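Residues per chain, in single letters:
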Amino acid sequence: MKKMILITMILTLVFGTVAFAAEDGAALFKAKCAACHGPDGKKMAKADLTSAGIQGKAETDLVKFVGENPKHNFTKKGVSEDQLKAIVGFIKTLK
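It should be emphasised that the depicted structure is a prediction, and the values quoted were computed from it without experimental measurement. (Residues numbered from 1 in each chain as written. Predicted model: local features only at pLDDT ≥ 70, side-chain atom pairs only at ≥ 80, totals over all residues. Heavy atoms only, no water.)

Some remarks on the overall build of the protein
Move 1: Scanning the protein for helices and strands turns up five helices and zero strands.
Move 2: Here the protein holds 95 residues, and 32% of them are scored as buried.
Move 3: Within the protein, contacts between residues at least 6 apart in sequence are counted, and of these 51% link residues at least 24 apart. (Helix = DSSP H or I, 4+ residues; strand = E, 2+ residues; numbered from the N terminus. Buried < 20%, exposed > 50% of the residue type's maximum accessible area, 1.4 Å probe, protein only. Contact = heavy atoms within 4.5 Å.)

Comments concerning the packing of helix α4 (residues 59-68) against helix α5 (residues 81-91)
Move 1: Running from N to C, α4 and α5 point in directions that differ by 115°, and their axes come no closer than 9 Å. Every pair of crossing elements has a handedness; the one defined by α4 and α5 is right-handed. In contact with Glu59, Leu62, Val63, Val66 and Gly67 of α4, α5 contributes Glu81, Leu84, Lys85 and Val88. (Axes fitted to C-alpha atoms, helices over the stretch in contact; angles between N-to-C directions. Left-handed = near helix turned anticlockwise from the far one by under 90°.)

Some points on the environment of Leu49
Move 1: For Leu49, the location among the structural elements is in the loop between α2 (34-37) and α3 (52-55).
Move 2: Expressed as a C-alpha distance, the spacing of Leu49 and Gly38, which sit eleven residues apart in the sequence, is 9.6 Å.
Move 3: Apart from the residues lying within four places of it in its own chain, the contact partners of Leu49 are Phe29, His37, Gly41, Ile54, Gln55, Ile91 and Leu94.

Some words on the packing of aromatic side chains
Move 1: A full pass over the atoms with the stated rule returns one aromatic pair.
Move 2: The interplanar angle of 45° and the centroid separation of 5.1 Å between the aromatic rings of Phe29 and Phe90 together place this pair among those described as tilted. Of the two residues, Phe29 is situated in helix α1 (residues 2-32) and Phe90 in helix α5; the sequence distance between them amounts to 61 residues.
Move 3: A relative accessible area of 19% means that Phe90 is categorised as buried. (Phe/Tyr/Trp six-rings, centres within 6.5 Å; stacked < 30°, edge-to-face > 60°.)

Re the side chain of Gln55
Move 1: Tracing the backbone through its elements, the reader meets Gln55 in helix α3.
Move 2: In this structure Gln55 comes out as buried when scored by relative accessible area, which is 11%.
Move 3: Not counting residues up to four positions away in its chain, the partners in contact with Gln55 are Leu49, Thr50, Ile91, Lys92, Leu94 and Lys95.

Side note on the nonpolar core
Move 1: Residues Phe29, Leu49, Phe74, Leu84, Ile87 and Ile91 are the most contacted members of the largest nonpolar core, which totals 18 residues.
Move 2: Elements represented by at least two residues in this core include exactly α1, α4 and α5.
Move 3: The element best represented in this core is α5, accounting for six residues.
Move 4: Apart from the residues lying within four places of it in its own chain, the contact partners of Ile91 are Phe29, Leu49, Ile54 and Gln55. (Core = buried A, V, L, I, M, F, W, Y, C linked by side-chain atoms within 4.5 Å.)

Things to note about the state of the cysteines
Move 1: Taken as a whole and judged by the stated rule, the model has zero disulfides.
Move 2: You can see Cys33 has no disulfide; the closest cysteine sulfur is in Cys36, sitting 8.7 Å from it.
Move 3: The exposure class assigned to Cys36 is exposed, which follows from its relative accessible area of 51%. (Disulfide = S-S within 2.5 Å.)

Given below as structure tokens:
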């Protein structure tokens, strides 16, 4: 019985954390990106986040670009690496 309760608690924590991270990426995108890129990522023709050019990039490349690109430069604005990864994870869902 104790094992069953422990397993249930661990699974709840693991899957709850994954869901929170996904929501966090969406919330961060809404707060930091949607004003320029739109809620669906299609507002800017030159930077359509749903395009094959963006979606085809590796997540690590997008994290670096969003963090260090002079137009964004989120790392200097206090956005953490984990937050950048969450934002990019959300961008990847905009396909």
